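One-letter residues, chain by chain:
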Amino acid sequence: MGYCFTDLTRACADEWSAYIEHDFVRQLGQATLADTAFRHYLAQDYLFLIHFARAQALAIYKSRSLADLRQAHEGLKTIVDIELGLHVAYCREWGINEGDLARLPEARATLAYTRYVLDTGSRGDLLDLHVALAPCLIGYGEIANWLNAQPFTLRGATNPFDAWIAMYESDEFQGAMTRERDWLDARLSEVTPQRFSELVVIFRDATRLEIDFWQMGLDQQD
Ligand SMILES: Cc1ncc(C[n+]2csc(CCO)c2C)c(N)n1
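An unreviewed UniProt entry annotates the chain as Aminopyrimidine aminohydrolase originating from Halomonas ventosae. What the UniProt record of the chain gives under Sequence similarities (unreviewed entry) is the line "Belongs to the TenA family." Listed under Function (unreviewed entry) in UniProt, the entry text for the chain is "Catalyzes an amino-pyrimidine hydrolysis reaction at the C5' of the pyrimidine moiety of thiamine compounds, a reaction that is part of a thiamine salvage pathway."

See the structure below:
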């Protein structure tokens, strides 16, 4: 007993590094990523964010304490009132308009990942849902930090993907990541070894689906 978030990444070290250091991420850092691959990813990420909002609504439903209810409510407000609007505006800068987004067919990797998270949360409890969302909520902050530590990463106007890195390295985003990690550390400190091994399966599966999401972007798969 006495687990923490890092025990999850340690239990899936290969999958975690394959996700954080994926070729899509490297090419984004090196500014060598094809525009078409980034556009495909951005458009599918719009659909991902819609389902992420549904997952926050599910977190509200699964909350048993006022503190958890408030936290999930804040998450839902942030994604619906702020982040989806920012994402739509960012897509427009890349030449994808709202009509394109509304008509977008959902790629299989998007379908698999988002429905996996929602199903895990539906059949399980709030901790299952948070663990399924952890690669998303904590991974992107780690990716920005990993990119900033790589000598090949280009920052500033020479990198067309600089704004993407800037978003996830921001104090605001890194603060949300730390809060999520603290929440998980507190919950994981109380679970039994058997429960922890169930959570490892969820964390590994969600991480594998994040890897597939990058690959979908890179290969522009539908
Ligand atoms: C496939 C995919 N995985 C993770 C994120 C990152 N992300 C999505 S919602 C959210 C919380 C509110 O910002 C975060 C960090 C993404 N955009 N796309």
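Colleague: Talk me through the overall build of the chain; I want residue IDs and the actual numbers.
Modeller: Scanning the chain for helices and strands turns up twelve helices and zero strands. The N-to-C order of helical and strand elements in the chain reads α-α-α-α-α-α-α-α-α-α-α-α. Since a compact globule built from 222 residues should have a radius of gyration of about 17 Å, the 17 Å found for the chain is in line with a globular shape. Expressed as lengths along the three principal axes of its C-alpha atoms, the size of the chain is roughly 50 × 40 × 30 Å.

Colleague: Can you explain the site of the ligand? Please cite residues and give values.
Modeller: Near the ligand, the surroundings consist of Asp45, Phe48, Leu49, Phe52, Ile79, Glu83, Cys136, Leu137, Tyr140, Glu210 and Phe213. Elements represented by at least two residues in the shell around the ligand include exactly helix H4 (35–62), helix H5 (66–93), helix H8 (126–137) and helix H12 (193–219). For the shell around the ligand, the class distribution of residues is eight nonpolar, no polar and three charged.

Colleague: Could you give an account of unusual backbone geometry, naming the residues involved and the relevant values?
Modeller: For alanine 31, which is not glycine, the phi torsion reads 65° and is therefore positive. Note on alanine 31: 15 C-beta atoms within 10 Å, which makes it partly exposed.

Colleague: Any chance you could break down the nonpolar core for me, citing the residues and the numbers?
Modeller: By size, the foremost hydrophobic cluster in this structure holds 43 residues, and its most contacted members are Ala55, Leu129, Val131, Ala132 and Phe203. With eight residues, the single largest contributor to this core is H12. Residue contacts for leucine 129: discarding those within four places in its chain leaves Ala55, Leu58, Ala59, Lys62, Thr120, Gly121 and Gly124.

Colleague: Please provide a residue-by-residue account of the environment of arginine 70, values included.
Modeller: Tracing the sequence through the fold places arginine 70 in helix H5. Put simply, arginine 70 and isoleucine 60 are ten residues apart on the chain and 8.0 Å apart in space, counted from C-alpha to C-alpha.

Colleague: Account for the environment of aspartate 23, naming residues and giving values.
Modeller: By secondary structure assignment, the location of aspartate 23 is in helix H3 (residues 23–30). The exposure class of aspartate 23 is partly exposed, given the 13 C-beta atoms found within 10 Å. Measuring from C-alpha to C-alpha, the distance between aspartate 23 and glutamine 215 comes to 8.3 Å, with 192 residues separating the pair along the chain.

Colleague: How would you summarise the packing of helix H7 (residues 108–123) against H8 if you had to cite specific residues and measurements?
Modeller: Between H7 and H8, whose axes approach to 7 Å, the crossing angle comes to 160°. As far as their axial angle goes, H8 and H7 are roughly antiparallel. Where H7 crosses over H8, the two elements pack in a sense that is right-handed. From H7, Val117, Thr120 and Gly121 reach across to H8, where they touch Asp128, Leu129, Ala132 and Leu133. Considered class by class, the residues forming the contact of H7 with H8 number four nonpolar, two polar and one charged.

Cut-offs applied
Residues numbered from 1 in each chain as written. Predicted model: local features only at pLDDT ≥ 70, side-chain atom pairs only at ≥ 80, totals over all residues. UniProt positions renumbered as here; feature names shortened; annotations may be inferred. Helix = DSSP H or I, 4+ residues; strand = E, 2+ residues; numbered from the N terminus. Rg over C-alpha atoms; globule rule 2.2 N^0.38 Å. Near = placed C-beta within 6 Å. Nonpolar A, V, L, I, M, F, W, Y, C, P; charged D, E, K, R; others polar. Buried ≥ 20, exposed ≤ 12 C-beta atoms within 10 Å, placed from the backbone. Core = buried A, V, L, I, M, F, W, Y, C linked by C-beta atoms within 7 Å. Contact = placed C-beta atoms within 7 Å. Axes fitted to C-alpha atoms, helices over the stretch in contact; angles between N-to-C directions. Parallel < 35°, antiparallel > 145°, perpendicular 65-115°, else oblique. Left-handed = near helix turned anticlockwise from the far one by under 90°.

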